[in-house]
Structures are given as structure tokens and as C-alpha cells.
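The chain contents come next:
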Amino acid sequence: MRGIEGGGLTLALATSKKGIRCDNGGKNLTRIIFFMLIPTGASAFYLKLLAGLTGSFQKKENRDKLLEADTPEKLWKALTSTTRTTVK
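Small disclaimer: the values here were computed from a predicted structure and weren't measured.

A. Structural detail: the overall build of the protein. Helix and strand content of the protein: three helices and three strands. A principal-axis box enclosing the C-alpha atoms of the protein has dimensions of 40 × 30 × 25 Å. In the protein, buried positions account for 27% of the 88 residues. Long-range pairs, those at least 24 residues apart, make up 54% of the contacts in the protein between residues at least 6 apart in sequence. In the structure as shown, the protein presents an accessible area of about 6500 Å², 57% of it carried by carbon and sulfur atoms. Between the mean site of the 15 positive side-chain charges and the mean site of the 7 negative ones, the protein shows a separation of 5 Å.

What counts, and at which threshold
- Residues numbered from 1 in each chain as written.
- Predicted model: local features only at pLDDT ≥ 70, side-chain atom pairs only at ≥ 80, totals over all residues.
- Heavy atoms only, no water.
- Helix = DSSP H or I, 4+ residues; strand = E, 2+ residues; numbered from the N terminus.
- Buried < 20%, exposed > 50% of the residue type's maximum accessible area, 1.4 Å probe, protein only.
- Contact = heavy atoms within 4.5 Å.
- Areas by Shrake-Rupley, 256 points an atom, 1.4 Å probe, with all protein chains shown as cover.
- Lys, Arg positive; Asp, Glu negative; His and termini not counted.
- Charge placed at Lys NZ, Arg CZ, Asp CG, Glu CD.

Below, the structure written as C-alpha cells:
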């Protein structure tokens, strides 16, 4: 969703140890979900953010760090530490 009116980029992160079936009839389960809302003015940063998140979480050890977090504070720490070099 994009809007011209104020506001900043909003990022939400959800994890599920059990997994969520996102593809109809598929066998893969989704365990990490990012949801982003961006204002039009943040389009360039959004693309960098998306590329950085994709790069970081292609690595199994980084995905595992997110899934191991059991509090919002630990999740934030895992997110910032795993994306420190890829999201700028």
C-alpha cells in the first residue's frame, strides 16, 4: 500500500515455529513473514531494504536466529544483528 500523505516506512515481522502454508497444496511452510508499508517518498529505500532482507535471510543461520527469538526484544536484536551489513 502506498500513500502520498505523511508517515514513514513501516515494517512488521512475524515468525512461526510451526509454519504457515502459503502455497495451495504445496509442501513448504513459511516461518518468517515481513510486511511493509511504504510512502511514495521511501520507494528507493524500500528496494534497498527488500534486497538487504533477501540477502540476509538466504542464509539458514540468519533465519534460525529469528526463529529462536522468544521475545520481541530478542527478535529485534536478531533482526538488527543479521541485517547489519546488508541493510543500510
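On we go from here.
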